[in-house]
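# Tertiary structure, described
Listed here are the chains, written in short residue letters.
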Amino acid sequence: MLSSQAFLLFLAAALLVAITPGPGIFYIVARTLAGGRTEGLASSVGLGLGGLVHVLGGALGVSALIMASAEAFTVLKIAGAAYLIWLGVKTWREAHIVAPAEVPTTGARRALREGIVVEALNPKTAGFFLAFIPQFIDPTAGVAAQFVVLGLISVTLNTGVDLIVTHWATRARAGLAKRPTFIARTRQASGAVMCGLGATLLVARRAS
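Heads up: these notes are all about the structure in this document. (Residues numbered from 1 in each chain as written. Predicted model: local features only at pLDDT ≥ 70, side-chain atom pairs only at ≥ 80, totals over all residues. Heavy atoms only, no water.)

Here the focus is the nonpolar core. Nonpolar side chains in soluble globular proteins tend to end up buried together. In terms of nonpolar packing, the biggest core is built from 13 residues, with Y27 and V118 touching the most fellow members. When residues of this core are traced back to their parent elements, those giving at least two are α2 (23–35), α5 (70–93), α8 (143–175) and α9 (180–202). With near-sequence residues (within four places) excluded, V118 lies in contact with Y27, L47, Y83, L84 and L87. V55, I137, F147 and L150 belong to the second-largest nonpolar core, a separate cluster that totals 12 residues. (Core = buried A, V, L, I, M, F, W, Y, C linked by side-chain atoms within 4.5 Å. Buried < 20%, exposed > 50% of the residue type's maximum accessible area, 1.4 Å probe, protein only. Helix = DSSP H or I, 4+ residues; strand = E, 2+ residues; numbered from the N terminus. Contact = heavy atoms within 4.5 Å.)

Now the structure itself:
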């Protein structure tokens, strides 16, 4: 298995990646501002579970197969982008509904499910794990087991950061609760962010 020095190096690198603002963090902020703390937390956990799909896939070699196939990558990319854009459009269309009694909340279960789907259908996550984790693996030991352990650590760090982001986004949302017009604009912005993330995923290119 990994030496102590290699493991500490991995932890430092994984933490740096986790705290660097990226699509995952922006997605969590958007969902929290649109649906509140419960949906933000559920979305954070959902992204974590979706990340585990790629960890297991990478360990089993499935992710490598997907990244090696232009056709498979394209199909997965389009599906993930379309789903994310659909969520963004839906959020934008419901932005004008500002009265608490009228807001059709997504609910924790659905937010969890949507988070899983968004991350599981993101081929860039598969590519990231395949490019990042192998650098810290000892090829003379069990490669698959090391991939799973390091992948779990990376996903845990990412999820931890997402939960912290949810907390601060919730506080910002609560402070603006008495400004319905601003909340509507915020929801529109959240929807636009989701659409933007979907568009970014749509133009993602397969690693050479």
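Moving on, we come to the pattern of salt bridges. According to the stated counting rule, one finds 3 salt bridges in the structure shown. Two residues, R31 and E39, come together in a salt bridge whose shortest N-O distance is 3.8 Å. On the basis of relative accessible area, E39 is assigned to the buried category, the value being 5%. The partner of R31 in a salt bridge is E114, with the nearest N and O atoms 2.8 Å apart. Residue R31 is found in helix α2, and its partner E114 is found in helix α6 (residues 108–120); the two are separated by 83 residues along the sequence. The class for R31 is buried, based on a relative accessible area of 4%. For E114, a relative accessible area of 3% puts it in the buried group. In the salt-bridge network here, residues are joined through shared partners; they are R31, E39, R110 and E114. (Salt bridge = Lys/Arg side-chain N within 4 Å of Asp/Glu carboxyl O.)

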